[in-house]
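Report on the structure
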Amino acid sequence: MQITLIRHLPTEWNRKTLLQGRRDIVISQVSEEVVKGIARNQNVLEELSPFDLVLASTLKRTHQTAQLYGYKCETEGLLDELDFGPFEGIPKAKMIDRYGDTWFENPKELVLGESLKNFEDRIVQFLVKYKEFSTILVFGHGSWIRALLSYAQCGHINNMNKIEVLNNSCHTLVVNSSD
Ligand SMILES: O=C(O)[C@@H](CO)OP(=O)(O)O
């Protein structure tokens, strides 16, 4: 299965580096730079299309992004961002201060609003659920995309916090579900 993932456009909370997780924060007014980024990504998507399926999480920021790209998408809860629990609304640096090395080296040990083990399970469930599709376009979230990239490369999500995924970045990968 070939999956193309676009992280949603920037929000005010992203600008302030506040963790959003399940908080339903809307995207900011679209800047000229973002418009240019969309146009660049649209050229890539044209090369990859048609897509068998276009999906977004249950959160507004992914649907708003899909709409600006001109896609109608289905909603998939497995794509929801990591639940950061008590850290939502707090600067990311504070969470990193709290968990330090574990966040970067062994995040699967952590339990935030959800356990990172559960987070990995959601990614595996997603891959199994959609394994019959050959091309999927996803409008998604930073931690989710980083976790998938880590899982695809290493078979686990433990390297997710060593990877950078910017707002409006586009990533294409081929993944095979083991089930
Ligand atoms: O939830 C958040 O704050 C970040 C974390 O990576 O994700 P996103 O902005 O992509 O939803």
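Predicted model only: the values in this text are computed from it and were never measured.

Roughly 500 Å³ of internal volume is contained in the largest pocket. Considering the residues around the largest pocket, the lining is formed by 26 residues, among which Arg 7, Asn 14, Lys 92, Arg 146 and Val 165 are closest to the centre. Of all elements in the fold, only helix H1 (12–15), helix H4 (92–105) and helix H6 (142–154) reach the threshold of two or more residues within the lining of the largest pocket. Ranked by the residues each element gives to the lining of the largest pocket, the list is headed by H4, at four residues. Residues of the lining of the largest pocket, tallied by class, amount to ten nonpolar, ten polar and six charged. Here the second largest pocket defines a volume of roughly 200 Å³. Tallied by class, residues from the lining of the second largest pocket come to three nonpolar, four polar and two charged.

This part is about the packing of aromatic side chains. Under the defined criterion, the tally for this structure stands at eight aromatic pairs. Ring geometry for Phe 51 against Tyr 71: centres 6.4 Å apart, planes inclined by 75 degrees, an arrangement best described as edge-to-face. Of this pair, Phe 51 sits in the loop between helix H2 (32–48) and strand S2 (53–56) while Tyr 71 sits in the loop between helix H3 (60–69) and strand S3 (74–75), and the two are 20 residues apart along the sequence. Overall, the relative accessible area of 14% leaves Phe 51 in the buried class. When the centroid spacing of 5.2 Å and the interplanar angle of 80 degrees are considered together, the rings of Phe 126 and Trp 144 count as edge-to-face. Of the two residues, Phe 126 sits in helix H5 (residues 116–129) while Trp 144 sits in helix H6, which places them 18 residues apart along the sequence. Given the relative accessible area of 1%, Trp 144 is considered buried. What links up through ring pairs into an aromatic cluster is the set Phe 51, Tyr 69, Tyr 71 and Phe 139.

Below, the discussion takes up the nonpolar core. Within the largest apolar cluster, 35 residues are counted, with the highest numbers of intra-cluster contacts made by Ile 3, Leu 112, Phe 126 and Leu 127. The set of elements that each furnish at least two residues to this core consists of strand S1 (2–7), S2, H4, H5, strand S4 (135–140) and H6. For Phe 126, the residues in contact, after removing those within four places along its chain, are Ile 3, Leu 55, Glu 76, Leu 78, Leu 79, Val 138 and Trp 144. Val 34, Ile 38, Phe 51 and Leu 137 belong to the second largest nonpolar core, which has 13 residues in total.

Not every one of the 14 residues close to the ligand is listed here, only the nearest: Arg 7, Gln 20, Gly 21, Glu 81 and Gly 142. Here Glu 81 contributes a side-chain N or O atom positioned 2.7 Å from an oxygen atom of the ligand. A distance of 3.1 Å separates an oxygen atom of the ligand from a polar atom in the side chain of Ser 143. Contact with the protein chains removes 96% of the 310 Å² of surface that the ligand exposes when unbound. Taken atom by atom, the bulk of the ligand overlaps the largest pocket. In terms of residue count, the dominant contributor to the shell around the ligand is H6 (three residues).

Further remarks concern the pairing of strand S5 (residues 170–174). Of the two faces of S5, only one is covered, namely that formed by His 171 and Leu 173; the face formed by Cys 170, Thr 172 and Val 174 stays uncovered. Here five bridges tie S1 to S5, and the two strands are oriented antiparallel to one another. If you follow Ile 6 over to S5, its bridge partner there is Cys 170.

Reading the values: rules and limits
- Residues numbered from 1 in each chain as written.
- Predicted model: local features only at pLDDT ≥ 70, side-chain atom pairs only at ≥ 80, totals over all residues.
- Heavy atoms only, no water.
- 1 Å grid on protein atoms, 1.4 Å probe; cavity = no way out; pocket = protein on both sides within 12 Å on 5 of 7 lines; lining within 4 Å.
- Points joined across faces, edges and corners; volume = space filled by probe spheres on them.
- Helix = DSSP H or I, 4+ residues; strand = E, 2+ residues; numbered from the N terminus.
- Nonpolar A, V, L, I, M, F, W, Y, C, P; charged D, E, K, R; others polar.
- Phe/Tyr/Trp six-rings, centres within 6.5 Å; stacked < 30°, edge-to-face > 60°.
- Buried < 20%, exposed > 50% of the residue type's maximum accessible area, 1.4 Å probe, protein only.
- Core = buried A, V, L, I, M, F, W, Y, C linked by side-chain atoms within 4.5 Å.
- Contact = heavy atoms within 4.5 Å.
- Near = heavy atom within 4 Å.
- Polar contact = N/O pair within 3.5 Å; in protein donor to acceptor, adjacent residues only side chain to side chain.
- Areas by Shrake-Rupley, 256 points an atom, 1.4 Å probe, with all protein chains shown as cover.
- Sits in = over half its atoms within 2 Å of the grid points.
- Pairing = 2+ DSSP bridges.

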